[in-house]
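One-letter residues, chain by chain:
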Amino acid sequence: MATHDRGPLPLTPPQNGVWFAQQLDPTRLDYTIGEYLEIRGAVDPGLFAEAVRLTVAGTESLCVRFAEADGVVRQIPAGPRPLRMETVDLSGHPDVDAEAERLMRAELARPTDLATGDVCRHLLVRTGARSYRWMQAYHHVVADGITGSMLARRTAEVYSALVAGEPAPAPDGAPWARIVAGEEEYARSAQMVADREFWRAKLDGAPEPVSFTGSAPGPVSGTRVRVSGDLDAADARVLRDAARRHGTRWSALVMAASAAFLHRAGGTEDVMLGLPVTGRTTPDARRTPGMFSEVLPLRLAVTGATTVGELVHDTSSGIKEALRHQRYRIEEVRGAAGADGAAGGPGPRLWDAAVNLMSFDYELSFAGAPASAHNLAVGPVEHVSLNVYDRGGDSPLTVQVEGDAADAGPDELEALRVRFTRFLVALAGADGAARVDSLPFLTVEDEALLAALGDGGADPAPRDGLLHARFEEAAARTPDAVAVVCDGREVSYGQLDAWARDIAERLRPAVEPATPVGVCVERSPAMVAAVLGERAEAAERLGDWDAAIGLVSARAECHADSSAHGNHLWHMDLLASAERFAELADLASTDIHARRRLNRALGERGMDTALRRRAEEGDRGPSSTSYGCCARRTGPPRPLLRSGRSPRTTRTRSGC
């Protein structure tokens, strides 16, 4: 039984990291980690609930509440809370899997309350005559991934004892006060100083982080997107055989492939990966449920000349070296914030790509009913990450890609998963002397697309919108992210968007709609800007009025320079073409061009009744003499045509 009569204790360094990251955004719900156990056999719900209750009550780290006083956070013994675990029978539901997933996700998303110690979530779902799913979830400040497996194994042992009518085995964890004392002792030790100096040297001159997607993470939305797939049996054998051939573990081979993949995707030779580790460096920590884990930086040199054998050796050595110094909190070195020390906060990010390697023995028995675990949430997702699971035995290796919805959607993550899995198998099957840059990086679909583009083909339009719209969304979401790289020059999405708009303004007075425009420029960022500069014209041709009006109105101003005034007249034409007569009528009260264009549009469409109504109501719109032209827009002057020539007047636009 856990000890609940001790006094308040300070948080351990791993707990502190999670606590303060959560305080940066208390509304975030993704600081809960969770999984479900699929139990293949009959379960007694009453005895199962008692087993869960006894497990939680015997786990000291789960029976605390948190309070802050004078800037110091303490964990205070609170005793076990009453168990809340609903049992739901879905055995007759038409879509058991989908409904079970929905119920578990809903329970997972139920807000926790650290102040009262409400940190646990449980749900038991009956999915068939002899099948159940048990979901367990905990706030990350009290539990990590290893803790989940410990508690699952402990619950299975207690349940099996209860079914057999035997006493429940005693918990094996160390008192939490001893865990805290051990952390305080380490903080005063020479080992801590040595670890700190090691990481300072390792991170000196650290590179800019590179992500698996090639772009910097956007603002976190808190909505997780996840895709996963299993390696087939043959590929899994290739991976394990390669690990034996290189004299290392399969996990080191996956990290080596991740470093090589990041090198190929981001063009970087100084690779920095996030490596989640258990943080359990003492016998007490290895047997005690609680929050110990952290993420370490794994820094590797990967060049075009690096061979597979060299990279696997360097990766294996780098992991071993990092593990020897894993007890030191990395955020103390660079001031990185966030639960994994990677994103946001006062210090620079250390990495934008992490690889979580999970090799737990999930095969459990609940009174003879076998069970296997399935992950639901690993905590906050600050950037696109890879999770690779090995559940032991003959279970397949699972490759999972997850990220925040602000960074990537399911299709993009699935393409990344397929590309990485193919690259991983290729690296595993390659000779040790093969260069990393010689390995196949693109998928069959990638190669087909490049072949089509090389023959003058076109990139297929995205299923969920036009290219220019996708570009504008990216520019609005991450204006500072790099959009184009050429000959060492980088252009951000925001800069490219402004450049493209400028080109469009200079083209517009001189080019009729649907007229092809030749772009005579070398392959460079200027070529991309010129192509994007025609997107408003394209939107108009396709009848995408929202996009066209949004692009044009942003650079429209009556009686400003010729380009901006032309945009103003174009704006009126677009409103008429889109039949947005209410908007034109609103503008017509202060804008003579809107008034004239509205009346002409109504006449062209035979809308005589509307015209008569406007006449009967006076149609007392502005005149060019009384208003000068129209209400002027504020803001900086728009750029003039740089060609020095007067714009053509053959384009049909409503004018004065």
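Quick caveat, the model's predicted, so the values are computed rather than measured.

Asks: Go over the environment of Gln191, please, and point to the residues and values.
Replies: With respect to the element layout, Gln191 can be found in helix α6 (residues 190-202). Here the alpha-carbon distance between Gln191 and His325, two residues 134 residues apart in the chain, equals 8.8 Å. Setting aside anything within four residues of it in sequence, one finds Gln191 in contact with Tyr186, Arg324 and His325.

Asks: Give me the sheet that holds strand β12 (residues 364-366): which residues, what numbers.
Replies: In space, the 6 strands of this open sheet follow the order β5-β6-β7-β2-β13-β12, with mixed pairing throughout. With partners counted over all chains shown, the strands left at the sheet margins are β5 (85-89) and β12, one partner each. Sheet twist, expressed as the average angle between the axes of neighbouring strands with direction ignored, equals 25°. In this structure, strand β2 (residues 32-39) lies alongside strand β7 (residues 131-139), joined through 8 bridges in antiparallel fashion. Bridge assignment links Glu38 to a residue of β7, and that residue is Arg133. Lying over the sheet, helix α4 (residues 145-163) contacts β2, β7 and β12, oriented at roughly 35° with respect to β12.

Asks: Which residues make up the side chain of Asp390, and what values do they have?
Replies: Relative to the assigned elements, Asp390 resides in the loop between β14 (385-389) and β15 (398-404). A relative accessible area of 8% places Asp390 in the buried class. A polar side-chain atom of Asp390 sits 3.0 Å from a polar atom in the side chain of Arg240.

Asks: Can you explain the pattern of salt bridges? Please cite residues and give values.
Replies: Where charged atoms from two side chains of opposite charge come close, those side chains can pair. On inspection of all chains with the given rule, the structure shows 29 salt bridges. The partner of Glu197 in a salt bridge is Arg196, with the nearest N and O atoms 3.4 Å apart. Here Arg196 falls in the partly exposed class, since its relative accessible area comes to 23%. One salt bridge in this structure joins Glu604 and Arg600, with 3.3 Å as the shortest N-O distance. Here Glu604 pairs with Arg600, and both are found in helix α21 (residues 592-604), just 4 residues apart, close to one helical turn. Arg600 sits in the partly exposed class, given a relative accessible area of 36%. In the salt-bridge network here, residues are joined through shared partners; they are Asp172, Arg178, Asp284 and Arg287.

What counts, and at which threshold
Residues numbered from 1 in each chain as written. Predicted model: local features only at pLDDT ≥ 70, side-chain atom pairs only at ≥ 80, totals over all residues. Heavy atoms only, no water. Helix = DSSP H or I, 4+ residues; strand = E, 2+ residues; numbered from the N terminus. Contact = heavy atoms within 4.5 Å. Pairing = 2+ DSSP bridges. Axes fitted to C-alpha atoms, helices over the stretch in contact; angles between N-to-C directions. Buried < 20%, exposed > 50% of the residue type's maximum accessible area, 1.4 Å probe, protein only. Polar contact = N/O pair within 3.5 Å; in protein donor to acceptor, adjacent residues only side chain to side chain. Salt bridge = Lys/Arg side-chain N within 4 Å of Asp/Glu carboxyl O.

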